[in-house]
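# Reading the structure
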Amino acid sequence: MQRGGVDETRSETLLRRLRTIPPLVLGLLLVTALLPALLILGLAIDLVRRVASGVPPTAARLVLFLWVYLAAETAGLVVLAAAWIVSLGGHRGAWLRETTWPIQQLWAGALFGAVRVLFRLRLEVEGEDAVAPGPVIVLIRHASIVDNLLPASLIARPHRIRLRYVLKRELLSDPCLDVAGRRLPNYFVRRGTGEAQEVERVRELAGGLGTEEGVLIYPEGTRFTPQRRARAIGRIAERDPHLAERAERLRRLLPPRLGGVGALLDGAPDADVVVVAHHGFDGLRLLSDIWRGGLVGLVVRVRMTRVPRAAVPGAGPARVDWLYDLWQDVDDWLEQPSAGEAVGASISRSQKNKGKVLL
């Protein structure tokens, strides 16, 4: 597999980083200089929006998170560069990888920590004992621009599971993810190329997992929208009408893509499967969704379950059915109200019934 899971020349890497890193640093300098004015403006906007439409204060929070993001990215790049210099330009490859891993975890932890503090985000997690030990193949749903920070915060850091990631190539536009992600064993999928070649490289990524390692994939391939769900079901119907019927039953998830998951299962034949379902980030697909206040005070439920490898069928129709059963279970769980939602619904019904009696 190509270094860092990306098939490109050094000049292509350099050109991309020249496009992404200088604007990042300049952005940090500019936002830092204007931060007091931006905060005052953000607070004024929040006050007007609160009075006019009851939207939770969001603008000032986004200004602060923008600064944290730019600062974390810049600090991460500085530390990653220092590690590269100490490693003699990458010649001490094993040492460089060992050093990059904790840097990556600190970066992800800083970003998710900022989200939790600034937006008063709260997590309710069940099944944490399902994560360790490795080797594990982690399947996680993808609903938001925020949920990609969950694996590092809930799996890698607390359980010391070194995750390898299957990610879309477009994420290389994030400088820290680009530099750190290419030093570590990950694979950045180039969508729209030969599927067999990409599947083989994903299979290679899963090879040799140890007891403190795992590999993670988003089986849906992208964030859920009703339009994407309809298109995915339409494509499946062209090949397999029966499978399309099963896909239709998934109300809040996209149908799982079989190639990537199957490649990981083939590449790590001894690994158990950990399924990470989460509820609460739905509807936060774009920055504009966060702007409308949906992230403020959010409570996110997370459920992690472990499937022993002995329960995973071999390649073929049985494995397809197994994966769809797994994803259907997640979809059914997403339909269940949380305890708070259930209490709220009960109170609402009680008040409605009381009103009917009075009438």
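For the structure, check the block above.
Residues numbered from 1 in each chain as written. Predicted model: local features only at pLDDT ≥ 70, side-chain atom pairs only at ≥ 80, totals over all residues. Heavy atoms only, no water.

## Observations regarding the overall build of the protein
Just so we agree on the cut-off: Put simply, DSSP H or I for four residues or longer makes a helix, DSSP E for two residues or longer makes a strand, and each gets a number counted from the N terminus. Throughout, the radius of gyration refers to the C-alpha atoms, and the reference size of a globule is 2.2 Å times the residue count to the power 0.38. Burial classes follow relative accessibility: with a 1.4 Å probe on protein chains only, a residue under 20% of its type's maximum area counts as buried, one over 50% as exposed, and anything between as partly exposed. Any two residues whose heavy atoms approach within 4.5 Å are treated as being in contact. Working definition of accessibility: Shrake-Rupley area with a 1.4 Å probe, residue cover restricted to the visible protein chains. Charge convention: Lys and Arg are scored as positive, Asp and Glu as negative, and His as well as the terminal groups of each chain are ignored. By convention, charge coordinates are those of NZ in Lys, CZ in Arg, CG in Asp, or CD in Glu.
The helix and strand inventory of the protein stands at twelve helices and seven strands. A globule of 359 residues ought to have a C-alpha radius of gyration of about 21 Å, and the protein, at 22 Å, matches this closely. With the C-alpha coordinates of the protein rotated into their principal frame, the extents come out at 80 × 60 × 40 Å. Out of the 359 residues in the protein, the part that is buried amounts to 47%. Within the protein, counting contacts between residues at least 6 apart in sequence, those at least 24 apart form 79% of the total. About 17,700 Å² of surface is accessible on the protein, with carbon and sulfur atoms providing 61% of the total. Treating the 48 positive side-chain charges of the protein as one cloud and the 37 negative ones as another, the clouds have centres 6 Å apart.

## Points about the pattern of salt bridges
Operational definition: Between Lys or Arg on one side and Asp or Glu on the other, a salt bridge is scored when a side-chain nitrogen of the former is within 4 Å of a carboxyl oxygen of the latter.
This model, assessed by the stated rule, comprises 18 salt bridges. With a shortest N-O distance of 2.6 Å, E200 and R203 are connected by a salt bridge. On the criterion of helical spacing, the pair formed by E200 and R203 is a turn pair, its members being three residues apart in helix α6 (residues 195–205). For E200, a relative accessible area of 31% translates into the label partly exposed. For R203, a relative accessible area of 32% puts it in the partly exposed group.

## A closer look at the nonpolar core
Threshold: Take the buried residues of types Ala, Val, Leu, Ile, Met, Phe, Trp, Tyr and Cys, join any two whose side-chain atoms come within 4.5 Å, and each joined set is a nonpolar core.
Ranked by internal contacts, the top residues of the largest apolar core, which has 56 residues, are L121, V138, I155, L163, V276, F281 and L295. Element by element, the count of residues in this core is highest for helix α3 (residues 93–118), at ten residues. Apart from the residues lying within four places of it in its own chain, the contact partners of L121 are F112, V115, R116, F281, L295, L298 and V300. Counting residues in each nonpolar core, the second largest holds 37 residues, with I137, L139, I217 and L264 among its members.

## Considerations on the sheet that holds strand β4 (residues 187–189)
Quick reminder of the rule: By definition, two strands form a pair when at least two bridges between them are found by DSSP. Between N-to-C directions, angles cover 0 to 180 degrees, with each direction set by a line fitted to C-alpha atoms, over the stretch in contact for helices.
Pairing within the open sheet is mixed, and its seven strands lie in the order β1-β7-β6-β2-β5-β3-β4. Looking at the sheet topology across the chains shown, the edges are occupied by β1 (122–126) and β4. Looking at each pair of strands side by side, their axes are set apart by 20° on average, direction ignored. With five bridges joining them, strand β2 (residues 136–140) and strand β6 (residues 272–279) adopt parallel strand pairing. Bridged to I140 within β6 is V276. Along the sheet, α6 contacts β3 (162–168), β4 and β5 (213–217); its crossing angle with β4, the most-contacted strand, is approximately 160°.

## Thoughts on unusual backbone geometry
A cis geometry characterises the amide bond from A132 onward to P133, with omega recorded as 0°. Its location among the elements puts P133 in the loop between β1 and β2. Phi at R120 is positive, roughly 55°, even though this residue is not glycine. Tracing the backbone through its elements, the reader meets R120 in the loop between α3 and β1. Residue classification places R120 among the exposed residues on the basis of a relative accessible area of 51%. With phi around 55°, R160 is a residue other than glycine that occupies positive phi space. When you line up the elements, R160 lands in the loop between α4 (150–159) and β3. Overall, R160 belongs to the exposed group, its relative accessible area being 68%.

## Section: a nonpolar patch on the surface
Heads up, the rule is: Nonpolar side chains (Val, Leu, Ile, Met, Phe, Trp, Tyr) are joined into patches within 5 Å and like charges within 9 Å, using only residues with over 30% relative accessible area and no salt bridge.
Where nonpolar side chains cluster on the molecular surface, the patch consists of L14, L15 and L18 and spans about 310 Å² of accessible area. Mapping L14 onto the fold places it in helix α1 (residues 10–53).

## Things to note about the packing of helix α7 (residues 226–239) against helix α8 (residues 241–248)
Working note: a packed helix pair is described by the angle between its axes plus the distance between those axes. Quick reminder of the rule: Working rule for angles: under 35 degrees goes down as roughly parallel, over 145 as roughly antiparallel, 65 to 115 as roughly perpendicular, anything else as oblique. Residue type decides the class: Asp, Glu, Lys and Arg count as charged, Ala, Val, Leu, Ile, Met, Phe, Trp, Tyr, Cys and Pro as nonpolar, and the leftover types, Gly among them, as polar.
Between α7 and α8, the shortest axis-to-axis distance is 6 Å and the interhelical angle comes to 160°. Classified by the interaxial angle, the pair formed by α7 and α8 is roughly antiparallel. Of the residues in α8, those touching α7 at R229, I233, I236, A237 and R239 are P241, L243, A244, A247 and E248. A breakdown of the residues in the contact of α7 with α8 according to their chemical character gives seven nonpolar, no polar and three charged.

## Concerning α4
Among the residues making up α4, those that are buried are L150, P151, A152, L154, I155 and A156. Just past α4, the residue R160 takes up positive phi, approximately 55°.

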